[in-house]
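# A closer look at the structure
Listed below are the residues making up each chain.
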Amino acid sequence: MPIKTFSIHGHFYQPPREDPLTGIIPDEPGAAPYNNWNERILDECYLPNARLNNFQKISFNVGPTLFSWLEGQDPHTYGEILSQDQANYGRYGVGNAIAQAYNHTILPLASSSDKRIQIKWGIADFIHRFGHTPQGMWLPKTAVDYEVLSLLANQGIEYTILAPWQADEDGLDPTAPYRVLLPGGNSIVAFFYNRDLSTRISFTADATANADQFAIDELYPIYQRTSADNPADQFILVVSDGELYGHHQPFRELFLSHLLDGASAAAGLRSSYPGLWLKTHTVEQTIGIRERTSWSCHHGVARWTGECACTPHDGRWKSTLRYSLNRLAAALDSLYFESVYPWITKPRSLRERYIHVMLGEMKAERLVSELAARTLTSQQMRQVLLLLESQRERQRIFTSCGWFFEDFDRIEPKNVITYAAQAVRLAHLATGDDLAPQTRSDLHHVVSPVTGLRADQVFTQQLERQWEPQID
Ligand SMILES: [Zn+2]
């Protein structure tokens with residue numbers, strides 16, 4: 001008997017709203033009676049789903065920046081989520097959690113070295129938390145190109161999840177994953193999610209009102225339509241934001257729990273997750289991908305670079321913002337490499353391994369000393385440490401949330417400007433070179449179409465705040 005298997009994947013993520021100078025999330029009145037949206041979503045979604053053991057039964061990823069907040073805010077729920085993956089890992093040798101590229105950067109828009117950093121940081125973060133290597137990686141907004149897939153495969157990642165329209169052929173077999181062949185003879189598995197059902201659970205509340213009906217009326221028929229002459233096992237993947245279950249739609253954590261605990265089995269379906277499926281099935285079908293595509297913009301990745309119909313306002317501020325921050329990133333890199341080259345033999349490696357300092361696994365001085373060509377003076381050490389902190393902020397400026405919404409005058413785009421100001425401040429402290437004038441004149445052209453607020457105003461305001469680096 002061929003087995004009819006399905007997996008629900010939840011992408012758990014929130015835009016980072018912490019003030020980068022204080023690490024504190026400002027009060028968000030819309031989230032009342034909670035102080036901010038993270039706290040509210042914790043109560044409506046992360047906590048109840050952890051209590052119901054749902055994280056053990058779905059496939060999921062939690063964005064590293066959200067995980068880091070959760071770890072501090074609610075260590076119990078955080079620990080529950082980890083242990084629910086670890087239970088599967090202990091039992092089957094493969095976990096159901098997957099990693100995510102670190103800062104939620106739209107990777108096809110990033111430089112090659114940024115893609116590498118984001119992927120390596122995401123893997124290191126995952127290992128730090130879950131205690132084992134990840135098999136899969138979630139790409140922010142599922143945005144993809146061949147270079148990204150090659151980097152994933154080179155880092156030992158076996159699979160990723162994509163939207164069906166990201167395949168370069170129509171008429172996909174919706175019941176099995178595909179192998180994507182990569183330059184150099186490597187390959188990676190792509191699980192394409194079921195488009196209709198993923199859309200329905202996300203946007204039609206009625207579809208998830210009753211788990212028994214969902215299993216029989218929505219899920220089961222997908223197999224019947226596609227398996228008439230096909231004796232093989234089938235795997236169907238349904239994907240949404242994880243916050244759907246309890247936050248976007250109240251009580252859907254209960255729907256999820258019942259679907260996975262009884263309703264699907266009663267309908268003759270088995271719930272699983274991609275890593276476990278790959279353990280017992282080979283992936284034979286091959287396919288190519290459409291580069292520079294994503295799951296939440298039907299215009300490629302235009303949503304994060306300029307105007308597209310996803311955000312109907314005048315979106316010209318987005319392209320100017322991206323241009324300005326690309327220029328700033330290049331200038332920050334020049335300062336970093338010029339400054340550390342005399343002392344550090346592998347500055348790229350230092351930057352990539354800085355994640356272990358960010359995660360608290362090692363002291364920054366120890367990492368720098370390991371990669372230093374000779375013993376550094378305390379002044380030189382301080383310079384390198386400030387530049388590494390500047391590079392950390394430089395990665396944050398490409399957080400996709402800065403471009404996702406229709407207007408510049410809201411917290412997410414203003415936060416990327418705050419990160420930019422902080423990167424400039426740190427680089428200035430380290431080297432004496434001030435990138436502020438150039439950045440300010442670039443950002444002058446980033447204007448909110450709604451309120452007229454300009455990015456250079458936000459930048460200047462941030463630079464004028466009093467702040468002292470916490471570096472020994
Ligand atoms: Zn779009």
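Residues numbered from 1 in each chain as written. Predicted model: local features only at pLDDT ≥ 70, side-chain atom pairs only at ≥ 80, totals over all residues. Heavy atoms only, no water.

## Digging into the packing of aromatic side chains
Under the defined criterion, the tally for this structure stands at 22 aromatic pairs. Here W138 and W295 contribute two aromatic rings whose centre-to-centre distance is 5.1 Å and whose plane-to-plane angle is 80°, an arrangement assigned as edge-to-face. Placement of W138 in strand β4 (residues 137–138) and of W295 in the loop between α9 (274–280) and α10 (316–340) is noted, with a sequence separation of 157 residues between them. Each of the two residues, W138 as well as W295, counts as buried. Measuring from ring centre to ring centre gives 5.2 Å for F214 and F255, while their planes differ by 85°; the resulting arrangement is edge-to-face. Placement of the pair is F214 in helix α7 (residues 211–226) and F255 in helix α8 (residues 252–266), with a sequence separation of 41 residues. It is R303 that lies over the ring of F404; its NZ or CZ is 3.6 Å from the centre. Seen from the ring of W403, R322 lies directly overhead, with NZ or CZ sitting 4.1 Å from the centre. (Phe/Tyr/Trp six-rings, centres within 6.5 Å; stacked < 30°, edge-to-face > 60°. Helix = DSSP H or I, 4+ residues; strand = E, 2+ residues; numbered from the N terminus. Buried < 20%, exposed > 50% of the residue type's maximum accessible area, 1.4 Å probe, protein only. Lys NZ or Arg CZ within 6 Å of the ring centre and 35° of its normal.)

## Examining empty space enclosed by the protein
Taken as a whole and judged by the stated rule, the model has four cavities of 30 Å³ or more. Of the voids in this model, the largest cavity is the one considered here, and its volume is about 70 Å³. Lining the largest cavity are 14 residues, with V62, I98, A99, F126 and F130 sitting closest to its centre. Of all elements in the fold, only β2 (59–62), α2 (64–73), β3 (99–100) and α4 (112–130) reach the threshold of two or more residues within the lining of the largest cavity. Considering only residue class, the lining of the largest cavity consists of nine nonpolar, three polar and two charged. (1 Å grid on protein atoms, 1.4 Å probe; cavity = no way out; pocket = protein on both sides within 12 Å on 5 of 7 lines; lining within 4 Å. Points joined across faces, edges and corners; volume = space filled by probe spheres on them. Nonpolar A, V, L, I, M, F, W, Y, C, P; charged D, E, K, R; others polar.)

## Here we look at unusual backbone geometry
Note that the residue after A32, namely P33, is joined by a cis bond; omega there is 5°. Structurally, P33 is set in the loop between β1 (4–12) and α1 (37–51). The backbone phi angle of H104 is positive, close to 55°, even though this residue is not glycine. Positionally, H104 belongs in the loop between β3 and α4. A positive phi angle, close to 60°, is found at K141, a residue other than glycine. With a relative accessible area of 15%, K141 lands in the buried category.

## Digging into the nonpolar core
Of all hydrophobic cores here, the largest spans 68 residues; its most connected members are F6, I8, F12, F60, L152, L219 and L259. Sequence-distant contacts of F6, that is, excluding residues within four places in its chain, are made with L219, Y223, I236, L259, L260, S264, L269, R270, S271 and S272. Listed in part, the 36 residues of the second largest apolar core include A302, I397, A420 and V424. (Core = buried A, V, L, I, M, F, W, Y, C linked by side-chain atoms within 4.5 Å. Contact = heavy atoms within 4.5 Å.)

## Observations concerning the side chain of R351
As for its placement among the helices and strands, R351 is situated in helix α11 (residues 347–353). Not counting residues up to four positions away in its chain, the partners in contact with R351 are S113, I117, W121, D333, Y336, F337, L388 and Q391.

## Points about the packing of α10 against helix α14 (residues 378–396)
Viewed as axis vectors pointing N to C, α10 and α14 meet at an angle of 160°, and their least axial separation amounts to 10 Å. Regarding the angle of α10 to α14, the classification is roughly antiparallel. Note on packing geometry: the crossing formed by α10 with α14 is left-handed. Only V384, L387, L388, S390, Q391 and R394 of α14 make contact with α10, whose side of the interface consists of A329, L332, D333, Y336, S339 and V340. (Axes fitted to C-alpha atoms, helices over the stretch in contact; angles between N-to-C directions. Parallel < 35°, antiparallel > 145°, perpendicular 65-115°, else oblique. Left-handed = near helix turned anticlockwise from the far one by under 90°.)

## Some remarks on the pattern of salt bridges
Taken as a whole and assessed by the stated rule, the structure comprises 24 salt bridges. Note that R316 and D314 form a salt bridge whose closest N and O atoms lie 2.7 Å from each other. Its relative accessible area of 28% is what places D314 among the partly exposed residues. When salt bridges with common partners are traced through the structure, they connect D114, D333, R351 and R394 into a single cluster. (Salt bridge = Lys/Arg side-chain N within 4 Å of Asp/Glu carboxyl O.)

## As for helix α6 (residues 195–203)
For α6, every residue scored as buried is listed here: L197, S198 and I201. Down the axis of α6, the buried side of the element spans an arc of 100°, and every buried residue falls inside it. Pointing more than 90 degrees away from the buried face of α6 are the exposed residues D196 and F203. N-capping of α6 is provided by N194, with a side-chain oxygen placed 3.4 Å from the backbone N of D196. (Arc of directions from axis to C-beta. Polar contact = N/O pair within 3.5 Å; in protein donor to acceptor, adjacent residues only side chain to side chain.)

## Some points on the packing of helix α13 (residues 364–371) against α14
The contact between α13 and α14 brings their axes to 11 Å, and the two run at 110°. When the axes of α13 and α14 are compared, the pair comes out roughly perpendicular. On the side of α13, the interface is formed by A364, E365, V368 and S369, while α14 contributes M381, V384, L385 and L388. In terms of residue class, the contact of α13 with α14 is made up of six nonpolar, one polar and one charged.

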